[in-house]
Amino acid sequence: MSRRARVPAKINLQLSVGPTRPDGFHELVSVFHAISLYDEIVVAEGEPGTGIRIIVSGDYVDLVPTTADNLAARAVSMVAARYGRDADFLVQIRKSIPVAAGLAGGSADAAGALLATDALLGNELSRDDLMAMAAQLGSDVPFSLAGGTAVGMGRGEKLTPALARGEFHWVLLADTGLSTPAVYAEFDRLNPKPTHPKINEAVMHALRSGDATALGKALTNDLQAAAISLRPGLSQLLDVGVEYGALGSIVSGSGPTIAFLVRDEEHALDVAVAATSTGFTGAIIRARGPVVGARLGDERGSQSHQH
Ligand code: C5P
């Protein structure tokens, strides 16, 4: 018996970072947007006494930890504990979402593991239970479950769906290896006295009217300067989007992935080809959003991601 879940990556359309809270997290206003780039998680019962075994396949295999501190392993243990079960499971992670990239790939795997393990053990947990467990696992995990376009407050985990119309097309220049805590620490160094974050009305208005041009102009990320400070090459890459007529270009989350908002699929192809010619060595990914959050599939199903 095994169960499979498919979970999307996210980008941030707004990421406003405020002061550090007593628990060490930063106060945030984040507008999350789920895009059509997916990891798949398959959870199967293991032999008694074997613990949690993680097998990673697909892209970025070497970058995913397979120890008990893997976020998906922690999610499986958490669900098993709720059922009063020993945590003996085989967890397969089929990766397409770049790792440590600002795309919430680790959070996606944790969300998929929560859903698949609950399904395997009898589907007894409510949506609220799963959301609460997701919030314990990480600030972005509740959104990976929810999907769509949503405003995240608190440390990012308190979600409200955003009114959004239409579909948006994106080109990602996806790179790996910027650690989220390191980028927040650099943000603190650059911003000794941040103000309390507020919802960006221009972003909300553009989403409500489905206006890609307005959204492109409104995209905003307070971590962008910190990410560029740690990866100076990012500013040149951001310019590539401007040069090829992207409606907006932004670092996603803590980076180092850059997201270009483009007009349509044809424009996405043009920008992707242009990005290839810059010598950029990461993955160039075309995606659309919003898409639904973590969903269960059949046990055997096939990969469904696009590059
Ligand atoms: O919640 P998550 O485990 O994804 O957070 C990873 C790291 O990102 C935290 O340890 C912290 O350094 C930083 N972070 C933060 N404020 C937030 C979210 C994350 O400082 N609201």
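Calculation rules
- Residues numbered from 1 in each chain as written.
- Predicted model: local features only at pLDDT ≥ 70, side-chain atom pairs only at ≥ 80, totals over all residues.
- Heavy atoms only, no water.
- Near = heavy atom within 4 Å.
- Polar contact = N/O pair within 3.5 Å; in protein donor to acceptor, adjacent residues only side chain to side chain.
- 1 Å grid on protein atoms, 1.4 Å probe; cavity = no way out; pocket = protein on both sides within 12 Å on 5 of 7 lines; lining within 4 Å.
- Sits in = over half its atoms within 2 Å of the grid points.
- Helix = DSSP H or I, 4+ residues; strand = E, 2+ residues; numbered from the N terminus.
- Nonpolar A, V, L, I, M, F, W, Y, C, P; charged D, E, K, R; others polar.
- Phe/Tyr/Trp six-rings, centres within 6.5 Å; stacked < 30°, edge-to-face > 60°.
- Buried < 20%, exposed > 50% of the residue type's maximum accessible area, 1.4 Å probe, protein only.
- Lys NZ or Arg CZ within 6 Å of the ring centre and 35° of its normal.
- Patch = residues over 30% accessible without salt bridge, like charges linked within 9 Å, V, L, I, M, F, W, Y side chains within 5 Å.
- Areas by Shrake-Rupley, 256 points an atom, 1.4 Å probe, with all protein chains shown as cover.
- Salt bridge = Lys/Arg side-chain N within 4 Å of Asp/Glu carboxyl O.
- Lys, Arg positive; Asp, Glu negative; His and termini not counted.
- Charge placed at Lys NZ, Arg CZ, Asp CG, Glu CD.

Asker: I keep staring at the site of the ligand and nothing clicks. Help me out?
Answerer: Taken together, the residues surrounding the ligand are Gly24, Phe25, His26, Leu28, Gly138, Ser139, Arg155, Thr180, Pro181 and Tyr184. Here His26 contributes a side-chain N or O atom positioned 2.6 Å from an oxygen atom of the ligand. Arg155 places a main-chain nitrogen or oxygen 3.0 Å from a nitrogen atom of the ligand. Put simply, the ligand lies in the largest pocket. If you list the elements that add at least two residues to the shell around the ligand, you get β2 (26-45) and α5 (180-190). Take the shell around the ligand: its biggest share by element is three residues, from α5. A breakdown of the residues in the shell around the ligand according to their chemical character gives four nonpolar, five polar and one charged.

Asker: What exactly am I supposed to notice about the packing of aromatic side chains here?
Answerer: One pair of aromatic rings is described through two measures. These are the centre distance and the angle between the planes. Enumeration according to the criterion identifies one aromatic pair in this entry. Ring centres of Phe32 and Phe143 lie 4.8 Å apart, and the angle between their planes is 15°; on these two criteria the pair is classed as stacked. Linking Phe32 in strand β2 with Phe143 in helix α4 (residues 141-146), this pair joins segments that are 111 residues apart in sequence. You'll find Phe32 and Phe143 in the same group, each marked buried. Taking NZ or CZ as reference, Arg6 lies 3.7 Å from the ring centre of Tyr38, over its face. Sitting over the face of the ring of Phe25, Arg155 holds its NZ or CZ atom 4.7 Å from the ring centroid.

Asker: Would you mind going over a negative patch on the surface with me for this structure?
Answerer: A surface patch of negative charge is lined by Asp264, Glu265, Glu266 and Asp270. Structurally, the position occupied by Asp270 is in helix α10 (residues 265-276). Since its relative accessible area comes to 46%, Asp270 is described here as partly exposed.

Asker: Got a minute to help me understand unusual backbone geometry in this structure?
Answerer: Outside of glycine, negative phi angles account for most residues, and trans bonds account for most peptide bonds. For the bond from Gly255 to Pro256, the omega torsion is 5°, close enough to zero to count as cis. Mapped onto the elements, Pro256 comes out in the loop between β9 (248-251) and β10 (258-262). Note the cis peptide between Gly289 and Pro290, where omega equals 0°. Mapped onto the fold, Pro290 is located in the loop between β11 (283-289) and β12 (295-297). Located in the positive-phi region is Tyr60, a residue other than glycine, with phi close to 60°. Here Tyr60 is to be found in the loop between β3 (52-58) and α1 (71-82). Taking relative accessible area as the criterion, Tyr60 reaches 21% and is therefore assigned partly exposed. Backbone geometry places Ala100, a non-glycine residue, at a positive phi of 50°.

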